[in-house]
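# Architecture at a glance
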Amino acid sequence: MTLDQNRLRIALQKSGRLSTDCQQLLKGCGVKLNLREQRLIAHAENMPLDLLRVRDDDIPGLVMDGVVDLGIVGENVLEETVMERQATGQSAEYSVLKRLDFGGCRLSLAVSEEFDYQGPKSLEGKRIATSYPWLLKRYMDSQGVKFKSVMLNGSVEVAPRAGLADAICDLVSTGATLEANGLVETDVIYRSKAVLIQSANPLAANKQKVIDKLLPRIQGLQQARE
Ligand code: PRT
Ligand code: ZN
């Protein structure tokens, strides 16, 4: 199966915290999907729409490079990708079609319970483990604090205990993970929700029609949930 240029292409997280909500959203919009196969691409049965199911980290780039028309991704991943791409001279254009009502979380600094934290200045020259080096740098720059970032794509919360870092900058929702690791949340540096984004490339009229049908339905679903 390949992507058909005449069908609206949407990139979604294949499996993870956003995937169930994304599937529910499409289902609620009346999109009939055949997701039983663990395939990269899924066709909608009742409208000209295809899903590309990938890792969430790949979604902003696929939209910005115009490989897909739309994508659903956390603002945290989106904003991090924008900063990284801008810094490396790649295009980082897109537009937000809709902020969604799921995937809520915050990106926060946290230190161990024993750390005598007196504000961001306490982290001057310290090592901070994170998967979001650009968002972290923007915040620390705004506070005028120099630090060393330790890039980890997983197990960020164990970094202080393992002696890899003095603090962490990680996503938090309930706070249970921080607590279980003896960490205390100190600064919220970014608040995030899932967003529906669109490529900056001009869209064919037949694809725009599909979007015009979906958007009011998403609006209606969200209103009903409020
Ligand atoms: O495989 P793939 O790369 O697609 O997935 P992933 O593992 O990178 O991402 P995933 O599925 O964990 O998260 C996808 C998106 O969900 C994130 O980018 C956020 O936008 C959003 N989201 C919402 C969260 C959380 N809440 C969240 N709590 N993403 C991660 N977490 C993690 C956090 O990193 C920490 O490990 O959950 C833990 C903390 O949770 P609490 O409840 O203990 O505070
Ligand atoms: Zn990811």
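Source: prediction; values computed, not measured.

Criteria and thresholds
- Residues numbered from 1 in each chain as written.
- Chains lettered and ligands numbered in written order.
- Predicted model: local features only at pLDDT ≥ 70, side-chain atom pairs only at ≥ 80, totals over all residues.
- Heavy atoms only, no water.
- Helix = DSSP H or I, 4+ residues; strand = E, 2+ residues; numbered from the N terminus.
- Buried < 20%, exposed > 50% of the residue type's maximum accessible area, 1.4 Å probe, protein only.
- Lys, Arg positive; Asp, Glu negative; His and termini not counted.
- Salt bridge = Lys/Arg side-chain N within 4 Å of Asp/Glu carboxyl O.
- Contact = heavy atoms within 4.5 Å.
- Near = heavy atom within 4 Å.
- Polar contact = N/O pair within 3.5 Å; in protein donor to acceptor, adjacent residues only side chain to side chain.
- Areas by Shrake-Rupley, 256 points an atom, 1.4 Å probe, with all protein chains shown as cover.
- 1 Å grid on protein atoms, 1.4 Å probe; cavity = no way out; pocket = protein on both sides within 12 Å on 5 of 7 lines; lining within 4 Å.
- Sits in = over half its atoms within 2 Å of the grid points.
- Nonpolar A, V, L, I, M, F, W, Y, C, P; charged D, E, K, R; others polar.
- Domains from an automatic or database assignment.
- Phe/Tyr/Trp six-rings, centres within 6.5 Å; stacked < 30°, edge-to-face > 60°.
- Buried area = accessible area lost by both parts, 1.4 Å probe.

## Here's the deal with the side chain of Asp 56
Within the element layout of this structure, Asp 56 appears in the loop between strand 3 (49-54) and helix 2 (59-64). For the buried Asp 56, which has no salt bridge, the nearest side chain bearing the opposite charge is Arg 55, at an N-O separation of 5.2 Å. For Asp 56, the residues in contact, after removing those within four places along its chain, are Gln 13, Val 73 and Val 77.

## Focus: the site of ligand 1
Around ligand 1 there are 21 residues in total, and Arg 55, Asn 76, Thr 174, Gly 175 and Thr 177 lie nearest to it. Within the side chain of Arg 55, one N or O atom sits 2.8 Å away from an oxygen atom of ligand 1. At a separation of 2.9 Å, an oxygen atom of ligand 1 approaches a polar backbone atom of Ser 173. For ligand 1, whose unbound accessible area comes to 840 Å², protein coverage reaches 79%. A majority-of-atoms criterion places ligand 1 in the largest pocket. Of all the secondary structure elements, the ones that give two or more residues to the shell around ligand 1 are helix 3 (75-87), strand 9 (167-172) and helix 5 (176-180). By residue number, the principal contributor to the shell around ligand 1 is strand 9, which donates three residues. Residue composition of the shell around ligand 1, grouped by class: six nonpolar, ten polar and five charged. Taken domain by domain, the makeup of the shell around ligand 1 includes at least three residues from each of domain 1 (8-103 + 193-225) and domain 2 (105-192).

## Brief notes about the packing of aromatic side chains
Per the stated rule, a full pass over the model turns up one aromatic pair. Measuring from ring centre to ring centre gives 6.3 Å for Phe 115 and Tyr 117, while their planes differ by 50 degrees; the resulting arrangement is tilted. Classification of Phe 115 as partly exposed rests on a relative accessible area of 22%.

## Regarding the domain arrangement of the chain
Segmenting the chain into domains produces domain 1 (8-103 + 193-225) and domain 2 (105-192). Relative to domain 2, the C-alpha centre of domain 1 lies at a distance of 29 Å. Each partner contributes to the interface: domain 1 provides twelve residues, whereas domain 2 provides eleven residues. Roughly 1,000 Å² is buried in total at the junction of domain 1 and domain 2, and carbon and sulfur atoms are behind 54% of that figure. Sorting the residues of domain 1 by area buried against domain 2 places Asn 76, Glu 80 and Met 83 first, and these three jointly supply 54% of that buried surface. Put simply, domain 1 and domain 2 have one salt bridge between them. For Glu 79, the salt bridge identified is with Arg 138, shortest N-O distance 2.9 Å. At the boundary of domain 1 with domain 2, the tally comes to seven residue pairs in polar contact (both at pLDDT 80 or more). The element that contributes the greatest number of residues to the side of domain 1 that touches domain 2 is helix 3, accounting for eight residues.

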